[in-house]
Amino acid sequence: MSSDADLLADRRNLRRKLTLWRVLAGLGVVVAIVIGGLAWRGDVSVGGSGPHIARITISGFISGDRRTLDLIKSVEESRTVSAVVLNVNSPGGTTSGAEALHIALRDLAAKKPMVTVVGGLAASGGYIAALSTDHIVARETSLVGSIGVLFQFPNVSQLLNTVGVKVEEVKSSPLKAAPNGFEPTSPEARAALQSVVDDNYRWFKQMVHDRRRLDDAQVEKAADGRVFSGRQSVAMKLVDELGGEREAIAWLEKEKGVAKELKVRDWRPKSSNSGLNLWSLAEISARLAGLDGVAASIARAAQEPVGLRLDEPLALWQPVAEK
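Residues numbered from 1 in each chain as written. Predicted model: local features only at pLDDT ≥ 70, side-chain atom pairs only at ≥ 80, totals over all residues. Heavy atoms only, no water.

Next up on the list: the nonpolar core. Formed by 41 residues in total, the largest nonpolar core has its most connected members in Ile-56, Val-75, Val-84, Tyr-127, Ile-147, Val-208 and Leu-238. Of all the elements, helix H3 (residues 95–109) adds the most residues to this core, at five residues. Ignoring sequence-local partners within four residues, the contact set of Val-208 consists of Tyr-127, Leu-131, Ile-147, Arg-213, Leu-214 and Leu-238. Within the second largest apolar cluster, 12 residues are counted, among which are Ile-53, Val-85, Ala-248 and Leu-262. (Core = buried A, V, L, I, M, F, W, Y, C linked by side-chain atoms within 4.5 Å. Buried < 20%, exposed > 50% of the residue type's maximum accessible area, 1.4 Å probe, protein only. Helix = DSSP H or I, 4+ residues; strand = E, 2+ residues; numbered from the N terminus. Contact = heavy atoms within 4.5 Å.)

See below:
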């Protein structure tokens, strides 16, 4: 009878120990996910990473958002970043956003050796970002250029006339809030907007002239608004070399004295959400499991919609389908 009681007590003790270890293991997994996720999202730095090459990716619509500018500043101040690979895959964005991004990247280039790698597209504002480095590498089939400025606005005056709606207004001068889309654009308003576009266009061309060391004739040939393939861009001196990240890093090692065999680490903007919610935990878990496609889908689903600011000029490539 005594041995049965001892056996039962041993089993209970064993059960308690197993439960304790299971709880500790579960907590360990949660802590690892949280720490790894925060590091991946850029919310904390990964200690002991050592010297490395930072990869900054500029993709999608460029608006000069604060998170991207803060990321660039963080890379600039990092003691473990030996060099930077700027990965550009963007059709552009607002001229002011592209300007802010370019200035931040130029400040970074003054502190760290930098090189640009063009993915599929570096057009308009995307090319302005690429111009921040002294060396640009592109694939043979990359699309580069679209040097120009665009100001678009919808005009629904004909639609309003059809449905019998008229918008009344009182303003201080004829060009105030013009064009407004509720009435046909006057010649004076169109001329005023054209002067703004022309001024931004001159600014863009001057940047290409200065950063790429092109003469006026070369700039005018490249700045008619079209995009060029990577191969064409090399011939036009808009790009320095054909290739990808391997060629870019080889240039850093040869021309900038960057140590060989350094690891390349992605630096990403901090999440707009300060805390970890279900979306972010799901995304982190998917990435840790190696399911990058699933993680990307979760990230897109969790993103807050970002509206385009159409009240300022755009340095944006917008291919239009033929009717």
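Among the structural elements, Ser-229 can be located in strand E6 (residues 227–229). When the C-alpha atoms of Ser-229 and Arg-139 are compared, they prove to be 8.4 Å apart, with 90 residues separating the residues in sequence.

Now for the pairing of strand E1 (residues 52–62). Note that E1 and strand E2 (residues 81–94) share 10 bridges and pair parallel. Counterpart to His-52 in the pairing with E2 is Val-81. This β-α-β element, E1 to helix H2 (residues 66–77) to E2, shows right-handed connectivity. Both E1 and strand E8 (residues 264–267) contribute to a ladder of four bridges, which runs parallel. Opposite Ala-54, over in E8, you have Arg-265 as the bridge partner. (Pairing = 2+ DSSP bridges. Right-handed = clockwise from strand over helix to strand, strands pointing away.)

Here we take up the packing of aromatic side chains. In the structure shown here, the tally under the stated rule is two aromatic pairs. Ring centres 6.3 Å apart and planes at 65° place the aromatic pair Phe-151 and Phe-153 in the edge-to-face group. Given a relative accessible area of 22%, Phe-151 falls into the partly exposed group. Here the aromatic rings of Trp-203 and Phe-204 are separated by 6.5 Å at their centres, their planes lie at 50°, and the arrangement is tilted. Judged by its relative accessible area of 28%, Trp-203 falls in the partly exposed class. For Phe-204, a relative accessible area of 0% gives the class buried. (Phe/Tyr/Trp six-rings, centres within 6.5 Å; stacked < 30°, edge-to-face > 60°.)

To continue, consider the pattern of salt bridges. Applying the stated criterion across every chain, the model contains 14 salt bridges. Its salt-bridge partner being Asp-70, residue Arg-66 comes within 3.4 Å of it at the nearest N-O pair. Of the two residues, Arg-66 and Asp-70 are both situated in helix H2; the distance of four residues between them amounts to about one turn of the helix. Classification of Arg-66 as exposed rests on a relative accessible area of 54%. Take Asp-70: its relative accessible area is 37%, and that puts it in the partly exposed class. Residues joined by salt bridges that share partners form a network here, namely Arg-55, Glu-245, Asp-266 and Arg-268. (Salt bridge = Lys/Arg side-chain N within 4 Å of Asp/Glu carboxyl O.)

With that settled, consider unusual backbone geometry. Ala-178 connects to Pro-179 through a cis peptide bond whose omega is 0°. Summarising the element assignment, Pro-179 is placed in the loop between helix H5 (157–163) and helix H6 (187–212). Of note, the phi angle at Ser-146 is positive, near 55°, even though the residue is not glycine. Among the structural elements, Ser-146 can be located in the loop between strand E5 (143–145) and H5. The phi dihedral of Ala-177 falls on the positive side, at around 55°, and the residue is not glycine.

With 15 residues, H3 should cover 21 Å at 1.5 Å per step; its first-to-last C-alpha distance of 21 Å lies within 8% of that length. All buried positions along H3 are accounted for by Thr-95, Gly-97, Ala-98, Leu-101, His-102, Ala-104, Leu-105 and Leu-108. (Expected span 1.5 Å × (residues − 1).)

A few words on the packing of H2 against H3. One way to put it is that H2 packs onto H3 with a least axis distance of 9 Å and a crossing angle of 5°. In terms of orientation, H2 and H3 fall into the roughly parallel class. Within the contact between the two elements, H2 uses Thr-68, Leu-69, Ile-72, Val-75 and Glu-76 and H3 uses Ala-100, Leu-101, Ala-104, Leu-105, Asp-107 and Leu-108. Partitioned by chemical class, the residues of the contact of H2 with H3 number eight nonpolar, one polar and two charged. (Axes fitted to C-alpha atoms, helices over the stretch in contact; angles between N-to-C directions. Parallel < 35°, antiparallel > 145°, perpendicular 65-115°, else oblique. Nonpolar A, V, L, I, M, F, W, Y, C, P; charged D, E, K, R; others polar.)

The quantities given are spatial measurements derived from coordinates; they are silent on function.
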